[in-house]
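# Topology and contacts: notes
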Amino acid sequence: MEREKGGGIAELRERIREVTLRILELMAEREKLVREVAALKSGSGEGIVNPEVERELRKAVVSRAAELGLDVETVMRVLTLLLRRSTEIQAKGQGPQGMTHMDLMRLAKRMEREGREVVHMEVGEPTLGAPEHIAAQLTDAALKGYAFYGEAHGLPELRSAIAEDLNERFGVDVKPEQVVVTQGGRFGIYLAMAATLSIGDEALVIDPSWPHYKQVISMLGCRAVVHSTSLEGRWLPDPAKLEDLTSDSTRLMVLNYPNNPTGAVVGRQLLQELVEVARRRNLYVISDEVYMDYSFGEHVTALSAGYERVIMIMSFSKSWGMTGYRIAYAVAPVEVAERMAKLQGSLLTCVPEFVQVAALKALSDRETPRAYRDHMLRGIEVICRYLDAIGAEYVRPGGGMYVFPRIPLGGRDPMEFALDLLRKRGVAVAPGTVFGDYREFFRLSVGDSLEKLERGMAALAEEINSLRNPRG
Ligand code: PMP
């Protein structure tokens, strides 16, 4: 009896093994077909993702899963992973995805250490840095005892001050329990995504986009579904097209206005329409508003759209030049805020309290964000003047600290061009390919001093002109 049972299990295990290996053969067959589709599509101008085709496939999969008595949710997660793989296969060969503007920044900083002067138009950093009265808080607070383990959510007095500040400025109703102080906006976005996504979920991203969003979505075993905007469309998203990209696996939508890299801003009406898509489809909205203080008109926060599933991200990096302090915050529904704090607590205990005291000081300083915004506006004027001179197309930013012009290079690889410009002329810029499928574009950041921007743009203009007239 015992022996028979053992033999029976061993045989069943063997069959499970065979079935599992057979699934791999089917996966290989599927990938081969996807490659054939990619080959047929190449050069046809047809996009990688076809929402209509995916909808049909999803419907078929759900009904077959039900027929077979499978758990539909699990099957949908597996389907997302298969679709993610199809996208990866088709995206291969669509431009250099490997290097990003952060690698360019690393190279630029290395050149500086070797004694060369570099114009930084590759990263979004106000090079003036944090004002002295904020920096002075660091030692003062550490000496006063703000240098022990603290709460993962953040200092209670800072969370209250943040809620009060938002309520006062935007007429919203944020409670301190909704606020989580995070170690930078980058980490805050990771926490927000990790708290709301599970493996096999989908998230909507509007391109061109800051690469971090897609990186984290992918890191969490999920799939970014991309809505591409264009210069012709003034870089504004189309709510109907965005809705068309949603499926039963979609969990969240990422918004970022004022936008990095385009400088686009959305007015109250368009923002409301985007939020309504999320409401109809029951999605979280991660609204990255780290450039709110660099709005050249009135900033509209997604917190004011009357939707309870908004997670707003704001950072001290841009408004007060505190990039190296690594401090930001999220405002989220309480249960999401709790999940984020718990995760932050287990990963890094807390944000250093003396940094939080400096951030508290920064909140009461409205002068610095205004001065920095004026700097960005003047920098944008400098850049646009040169772009006009070389006849590059662009949309004038409504906020933020970047211009995203179309500068065709006549077939030259944009990352190679950027590396050359940095090594030869000491000018760092970010190619459009970092932000999506934008080979003809460059992102020019205006955080550096106006004199250096002038010099950088003059060098860029010379390089472009010599590309156009190779003989000089
Ligand atoms: N969001 C956007 C759109 C950004 O451009 C940046 C920084 N480049 C951040 C968030 C994060 O900034 P930090 O991590 O310094 O708060």
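Residues numbered from 1 in each chain as written. Predicted model: local features only at pLDDT ≥ 70, side-chain atom pairs only at ≥ 80, totals over all residues. Heavy atoms only, no water.

### A few points about the packing of aromatic side chains
Under the definition given, this model contains 14 aromatic pairs. The interplanar angle of 20° and the centroid separation of 5.9 Å between the aromatic rings of Phe187 and Tyr190 together place this pair among those described as stacked. A residue pair is termed a helical-turn pair when its members lie 3 or 4 positions apart in one helix, as Phe187 and Tyr190 do in helix α7 (residues 185-196) at three residues. For the residue pair Phe187 and Tyr190, the accessibility class agrees, reading buried in each case. A centroid spacing of 6.1 Å and a plane angle of 65° characterise the contact between Phe404 and Tyr438, whose relative ring orientation is edge-to-face. In this pair, Phe404 sits in the loop between β9 (402-403) and α15 (414-425) while Tyr438 sits in the loop between β10 (427-431) and β11 (442-445), placing the two residues 34 residues apart along the sequence. (Phe/Tyr/Trp six-rings, centres within 6.5 Å; stacked < 30°, edge-to-face > 60°. Helix = DSSP H or I, 4+ residues; strand = E, 2+ residues; numbered from the N terminus. Buried < 20%, exposed > 50% of the residue type's maximum accessible area, 1.4 Å probe, protein only.)

### A few points about α15
The end-to-end C-alpha distance of α15 is 16 Å, a good match for the 16 Å that twelve residues give at a rise of 1.5 Å each. Burial in α15 covers these residues: Pro414, Met415, Phe417, Ala418, Leu419, Leu421 and Leu422. At the N-terminal end of α15, a side-chain oxygen is found 3.1 Å from the backbone nitrogen of Met415, two or three residues along, and the residue is Asp413. At the exit of α15 stands Gly426, carrying a positive phi of roughly 70°. (Expected span 1.5 Å × (residues − 1). Polar contact = N/O pair within 3.5 Å; in protein donor to acceptor, adjacent residues only side chain to side chain.)

### Considerations on the side chain of Arg223
Looking at the secondary structure, you find Arg223 in strand β4 (residues 223-228). Overall, the relative accessible area of 3% leaves Arg223 in the buried class. Polar side-chain contacts of Arg223 include one of 3.4 Å to the side chain of Thr87. If near-sequence neighbours (up to four positions away) are discounted, Arg223 is found in contact with Val49, Glu54, Thr80, Leu83, Arg84, Thr87, Asp201, Glu202, Ala203 and Ile217. (Contact = heavy atoms within 4.5 Å.)

### Some thoughts on unusual backbone geometry
At the junction of Asp207 and Pro208, the peptide bond is cis and its omega measures out at -5° in the coordinates. Topologically, Pro208 is positioned in the loop between β3 (202-207) and α8 (212-219). Looking along the chain, the bond that leaves Tyr257 and enters Pro258 is cis, with omega of -5°. When you line up the elements, Pro258 lands in the loop between β5 (250-255) and α10 (268-281). In this structure, Arg234 takes a positive phi of about 55° despite not being glycine. Of note, Arg234 is situated in the loop between β4 and α9 (239-244). By relative accessible area, which is 51% here, Arg234 ends up exposed. Unusually for a residue other than glycine, Arg326 sits at a positive phi of about 55°.

### Some points on empty space enclosed by the protein
Which parts of space are left empty comes out when a probe the size of a water molecule is rolled across the atoms. The final tally for this structure, using the stated rule, is four cavities of 30 Å³ or more. Considered as a void within the structure, the largest cavity measures approximately 60 Å³ in volume. Val205, Ile206, Ser209, Tyr213, Val254, Leu255, Asn256, Tyr257, Asn259 and Asn260 are the residues that line the largest cavity. Among the elements of the structure, β3 and β5 are those that each provide at least two residues to the lining of the largest cavity. Classifying every residue of the lining of the largest cavity gives six nonpolar, four polar and no charged. (1 Å grid on protein atoms, 1.4 Å probe; cavity = no way out; pocket = protein on both sides within 12 Å on 5 of 7 lines; lining within 4 Å. Points joined across faces, edges and corners; volume = space filled by probe spheres on them. Nonpolar A, V, L, I, M, F, W, Y, C, P; charged D, E, K, R; others polar.)

### Re the sheet that holds β10
Within the open sheet, the four strands sit side by side as β1-β10-β11-β9. Their pairing is mixed. Two strands close off the open sheet at either side, each with one partner strand: β1 (119-121) and β9. Both β1 and β10 contribute to a ladder of three bridges, which runs parallel. By the bridge assignment, His120 is partnered in β10 with Ala428. (Pairing = 2+ DSSP bridges.)

### A look at the sheet that holds strand β6 (residues 284-288)
Consider a sheet: its strands pair through backbone hydrogen bonds, and that pairing is either parallel or antiparallel. In space, the seven strands of this open sheet follow the order β2-β8-β7-β6-β5-β3-β4, with mixed pairing throughout. The open sheet has two free edges, formed respectively by β2 (179-182) and β4, since each of these has just one partner strand. Averaged over all neighbouring strand pairs, the angle between strand axes comes to 20°, with direction disregarded. Against the sheet, helix α6 (residues 156-170) engages β2, β7 (310-315) and β8 (328-331), with an angle of about 115° to β2. Across the sheet, α10 touches β5 and β6, and the angle it forms with β5 is around 165°. (Axes fitted to C-alpha atoms, helices over the stretch in contact; angles between N-to-C directions.)

### What about the domain arrangement of the chain?
By a widespread convention, an interface's size corresponds to the accessible area lost as its parts come together. Here the chain is partitioned into domain 1 (46-90), domain 2 (101-128 + 368-468) and domain 3 (146-364). Computed over C-alpha atoms only, the centres of domain 1 and domain 3 are separated by 29 Å. Contact with domain 1, which involves twelve residues of that partner, is made by 16 residues of domain 3. At the boundary of domain 1 with domain 3, total buried surface from both sides reaches about 1,100 Å², with 45% on carbon and sulfur atoms. (Domains from an automatic or database assignment. Buried area = accessible area lost by both parts, 1.4 Å probe.)

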